[in-house]
Amino acid sequence: MNSFLIPSGAASASTREKQGERMKTSATAPGDQPTIVSLSKVGKSFGSLRVLKGIDLQVQRSEVVCLIGPSGSGKSTLLRSMAFLEEYDEGEIRIEGQLLGWQDTDRGRRRAPQSQINQVRRNVGMVFQQFNLWPHMTALGNVCEALRRVRKLSADEANRRGMAMLEKVGLAQKANAYPAQLSGGQQQRVAIARALAMEPHIMLFDEPTSALDPELVGEVLQVMKTLAKEGMTMVVVTHEMGFAAQVADSVIFLDQGEVVARGTPQQIFHNAEQPRLQQFLQNYLDRNAFWQDGKQ
Amino acid sequence: MFDWPLLQQNAPLLLGALWVTLQVSIAALAIGFVIGIVVGSLRLSPIPLLRRLGGAYIFVFRGIPLLVQLLFIYYFLPRIGLPNVSPTVAAIIGLSLAAGAYTAEIMRGGFLAIPGGQLEAAGLLGLSASQMLIRIRVPQAVRLTLPALVNEMILLIKASSLVSVVGLADLTRTAQNLAASDYMFVQDYLMLAGFYCLINIPLAYCGSLLERRLKEQTA
Amino acid sequence: MTFDPTIITDHLGDIGSGFLVTLGTWSSGVVLGIALGMLIAVAQVFGNRLVRAPLRVFIELIRSTPFLVQLFLVYYGGPSFGLSLDPIPAGILGLGVYGSVYFAEIFRSGFESVARGQLEAADCLGITRLQCIWRIQVPQMLVIILPALVNMITVLCKETAVLSIITIPELTMVLTGIGSETFAFVETLLMLCIGYLILVEACSRLGMLLETRVGRFMNKQPR
């Protein structure tokens, strides 16, 4: 039913390539932990509305996980919780074994001090739907800012690293341009470079292409595919099913705050069993395969 | 630190002076409001000369400190043949002229914010320009700018503290006199501050209530 | 009414020093006001409830009372608290405290005008709050709040006239003094008016110049 989403042979090919290459050296070694992020019974409510219900999730090193689901399913909230941009109410989120955001004291659970939160998530990089570049700094300025303020690198060292990152996303020639002078796709690539510059062990992408004009989506997805090939651990919330089908190791379908299905792209897109997942995929097809007459 | 009997003795005097301050401020707001409508309309006139005139008025009366304006009134009214003007009148004139300049900008903003359709409809129905002004534009502009006008009232009450310069025994002047005779500076001036707060804080509260209501209505 | 310009030229020295006192108290008051105002704004936006509540009271008090009354409290009331200041320092302190409250409101709205997403990105990258304020929020909000800042600075210029009431020898006091001595009210008051109009106009022109130059970095969020 959904076979056209997966070009033949592409899935297995990308997995092979990924396992061949090593990740570049990072400021802090990833360590022996195979599990980069683990979520256990994570819940979140906004007032009386329960947005996340008992989420269990593990992301292994070099794994690419795509979160899909209808709007309101909680996928963005889940992703943002992994960076503690949303404070989850229940359960635990651990980054490389360390508890994120909370401290267990004898008086119960308390919000950890900011320094501790920063310490736990220093190896987490995030890319936002709205790019969130700082408009008063150049592209290079954006990329280097954290290198200088947080990693305390010298200007020269930061510039070197920054330029290397911009080259990696193909924007070295735009180093001195301001965000207002860049297209959406370029801005998002700068945002990716900015997050990469900090050498994270895991990259979180919150609908990175949803705010882009269709013709600019490709260049961003290309950068993300390259990252995946190099072995970066990635969690991507996306509506780009083609990307999920080609690049993901696992696809997780979220609906109404729960994990409804998890599996390889083959399992999710070819052999969807859960009715909610089937409905979601059918809606997607209807919206995107409009040139076809009727259903397959 | 506080001499309570003295405080009780002084309070009624200050209360009376508060009344003077309020009278002068309210009168100045009323007259300043009218001036503001006139000057605000001038600023929106299609005739460049009238616009310049309005602009000049605002420039002068907003650019020169109020204290200097009051001094001007004090020294010049006798010279242009009005030597026996009471301090109250002098104070009101001085405050009104300044209030007019600030109100003009407020009213100009209010006039501009009226949806054009209302004026078109009025015109089609045959209303004259002055009828439109009084019956439609002013009421609408006031409704839209009420928070700013309340704020202007607060500013006027505070500005009125300077009118002692034209000889008027307002709240501040009275407190000064009291302090000069009993040397209880902290007490007298804190009481003075208290009286101003008594009026201005409720006014400010009303202003923000109005502002919130306005936001809800136009949202 | 006769107009005798020699009154002005005879006393040029005094007028000049009065002008300098005006400029000095004005600029010092502005600097103090902006520094204090920034502190208050940061405390209001980022501080906890224990800090915000007394600040709110302080702000309301300053905004509800006339500047003159605050000056009196500082200059005449100060000694009772061990704060015996000369007129000029008292004037600068009064001006600074008075202005700080209004600057704080301006800065506060400036902080809130920077899109939250940018702060989140900074937060994720590990940039501390202080660094975020200084490197990301302040540069951007300066553009937005510049008109309000210039306006407030102009207001403070006019308030320096009030300083004459506590015997600070600034422009108003000097010129009215000359006027009283020589009975040349027309000339001196006219000079006084022109003096302030020049200051006010210069201030707003400078402000407009700054606005256009800084406007290069105008906030343009992605669509």
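Residues numbered from 1 in each chain as written. Chains lettered and ligands numbered in written order. Predicted model: local features only at pLDDT ≥ 70, side-chain atom pairs only at ≥ 80, totals over all residues. Heavy atoms only, no water.

### Considerations on the packing of helix α3 (residues 66–79) of chain B against helix α9 (residues 185–214) of chain C
When two helices pack together, their arrangement is given by the angle between the helix axes and the distance between those axes. Between α3 of chain B and α9 of chain C, the least distance of the axes is 11 Å, while the angle of their chain directions is 155 degrees. The angle between the axes of α3 of chain B and α9 of chain C places the two elements in the roughly antiparallel class. Crossing geometry of α3 of chain B relative to α9 of chain C is assigned as left-handed. Across the interface between the two elements, V68, L71, F72, Y75, F76 and R79 of chain B from α3 of chain B touch F185, V186, L189, L190, L192, C193 and Y196 of chain C from α9 of chain C. In terms of residue class, the contact of α3 of chain B with α9 of chain C is built from 12 nonpolar, no polar and one charged. (Axes fitted to C-alpha atoms, helices over the stretch in contact; angles between N-to-C directions. Helix = DSSP H or I, 4+ residues; strand = E, 2+ residues; numbered from the N terminus. Parallel < 35°, antiparallel > 145°, perpendicular 65-115°, else oblique. Left-handed = near helix turned anticlockwise from the far one by under 90°. Contact = heavy atoms within 4.5 Å. Nonpolar A, V, L, I, M, F, W, Y, C, P; charged D, E, K, R; others polar.)

### Let's talk about the pattern of salt bridges
Here the idea is simple: oppositely charged side chains can pair when their charged atoms come close. A full pass over the atoms with the stated rule returns 24 salt bridges over all chains. Between E63 of chain A and R262 of chain A there is a salt bridge, and its shortest N-O distance comes to 3.3 Å. On the criterion of sequence distance, the pair formed by E63 of chain A in the loop between β2 (49–60) and β3 (64–68) and R262 of chain A in strand β12 (residues 258–263) is long-range, its members being 199 residues apart. Since its relative accessible area comes to 38%, R262 of chain A is described here as partly exposed. The residue E120 of chain C makes a salt bridge to R80 of chain A at a minimum N-O spacing of 2.7 Å. One end of the pair, E120 of chain C, is in helix α6 (residues 116–124); the other, R80 of chain A, is in helix α2 (residues 75–82), on a second chain. Taking the relative accessible area as the measure of exposure, E120 of chain C reaches 11% and is therefore buried. Through salt bridges with shared partners, a single ionic network connects R80 and E86 of chain A together with R116 and E120 of chain C. (Salt bridge = Lys/Arg side-chain N within 4 Å of Asp/Glu carboxyl O. Buried < 20%, exposed > 50% of the residue type's maximum accessible area, 1.4 Å probe, protein only.)

### Focus on the interface of chain C and chain B
Contacts between chain C and chain B engage 35 residues on the former and 30 residues on the latter. With both sides pooled, the region where chain C packs onto chain B buries about 2,900 Å², and carbon together with sulfur makes up 81% of that total. There are zero salt bridges connecting chain C and chain B. Our enumeration of links across chain C and chain B arrives at five residue pairs in polar contact (both at pLDDT 80 or more). Among the secondary structure elements, those contributing two or more residues to the side of chain C that touches chain B are α3 (49–64), α4 (67–75), α5 (87–113), α8 (171–182) and α9 of chain C. With 10 residues, α9 of chain C is the largest single contributor of residues to the side of chain C that touches chain B. Here the side of chain C that touches chain B is composed, by residue class, of 24 nonpolar, eight polar and three charged. (Buried area = accessible area lost by both parts, 1.4 Å probe. Polar contact = N/O pair within 3.5 Å; in protein donor to acceptor, adjacent residues only side chain to side chain.)

### Details of the confidence of the model for chain A
Residue and element names in this part refer to chain A. Of all residues in chain A, 86% have pLDDT values of 70 or greater, and the mean over the chain is 85. Strand β10 (residues 233–237) holds the highest mean pLDDT among the elements of chain A, 96, whereas helix α1 (residues 10–20) holds the lowest, 41. Note on residues 1–27: pLDDT is under 50 here. Beyond four places in sequence and across chains, it has 42 contacts. (pLDDT = per-residue confidence, 0-100.)

### As for empty space enclosed by the protein
Under the defined criterion, the tally for this structure stands at three cavities of 30 Å³ or more. Estimates place the volume of the largest cavity at around 70 Å³. What lines the largest cavity is simply V124, G125, M126, V127, F128, F131, A191, R194 and A195 of chain A together with A121, C124 and L125 of chain C. Sorting the residues of the lining of the largest cavity by element identifies β8 (124–127) and α6 (184–196) of chain A together with α6 of chain C as the ones contributing at least two each. (1 Å grid on protein atoms, 1.4 Å probe; cavity = no way out; pocket = protein on both sides within 12 Å on 5 of 7 lines; lining within 4 Å. Points joined across faces, edges and corners; volume = space filled by probe spheres on them.)

### Section: the layout of surface pockets
Its boundaries defined by the atoms lining it, the second largest pocket holds a volume of some 760 Å³. In terms of lining, the second largest pocket is formed by 23 residues, of which the most central are F46, R116, L119, D123 and R129 of chain C. Residue assignment for the lining of the second largest pocket shows that the elements contributing at least two residues are α3 (114–120) of chain A together with α2 (12–46), α5, α6 and α7 (129–159) of chain C. Top element by residues in the lining of the second largest pocket is α6 of chain C. It accounts for four residues. Tallied by class, the residues present in the lining of the second largest pocket amount to 10 nonpolar, four polar and nine charged.

### Focus on the environment of L149 of chain B
Residues and elements named next belong to chain B. Note on placement: L149 falls in helix α6 (residues 129–159). Given the relative accessible area of 9%, L149 is considered buried. When the C-alpha positions of L149 and Y102 are compared, they lie 9.5 Å apart, and in sequence the two are 47 residues distant. Other than its neighbours up to four places away in sequence, L149 contacts F33, T103, I106 and V142.

### Some words on the sheet that holds strand β9 (residues 202–206) of chain A
Residues and elements named next belong to chain A. The six strands are arranged β8-β9-β10-β3-β11-β12 in an open sheet whose pairing can be described as mixed. Both edges of this open sheet fall to β8 and β12, since each of them pairs with a single strand only. For this sheet the average axis-to-axis angle between neighbouring strands, irrespective of direction, equals 20 degrees. In the sheet, β3 pairs with strand β11 (residues 250–255) via four bridges, with the strands oriented parallel. The residue of β11 that forms the bridge with V65 is S250. Across the sheet, α2 touches β3, β8, β9, β10 and β11, and the angle it forms with β9 is around 150 degrees. This element, helix α10 (residues 275–288), spans β3, β11 and β12 of the sheet and lies at about 100 degrees to β11. (Pairing = 2+ DSSP bridges.)

### Observations concerning the interface of chain C and chain A
The interface is formed by 21 residues belonging to chain C together with 33 residues belonging to chain A. Across the contact surface, chain C and chain A share three salt bridges. The closest approach of N and O atoms between D123 of chain C and R121 of chain A, which form a salt bridge, is 2.9 Å. In this assembly, chain C and chain A are joined by eight residue pairs in polar contact (both at pLDDT 80 or more). For the side of chain C that touches chain A, the secondary structure elements donating two or more residues are α6 and α7 of chain C. If one sorts the elements of the side of chain C that touches chain A by residue count, α6 of chain C sits on top with seven residues.

### Section: a nonpolar patch on the surface
Taken together, F3, L190, I194 and I198 of chain C make up a surface patch of nonpolar side chains, about 370 Å² in accessible area. Checked against the element boundaries, F3 of chain C lands in the segment before α1 (6–10). (Patch = residues over 30% accessible without salt bridge, like charges linked within 9 Å, V, L, I, M, F, W, Y side chains within 5 Å. Areas by Shrake-Rupley, 256 points an atom, 1.4 Å probe, with all protein chains shown as cover.)

### Details of the nonpolar core
Ranked by internal contacts, the top residues of the largest apolar core, which has 98 residues, are L95 and L171 of chain B together with W26, F103 and L156 of chain C. Element by element, the count of residues in this core is highest for α5 of chain C, at 10 residues. Not counting the four nearest positions on each side in its chain, L156 of chain C is found in contact with W26, V30, L95, Y98, G99 and F103 of chain C. Ranked by size, the runner-up nonpolar core spans 67 residues in total, among them L133, A139, V217 and V223 of chain A. (Core = buried A, V, L, I, M, F, W, Y, C linked by side-chain atoms within 4.5 Å.)

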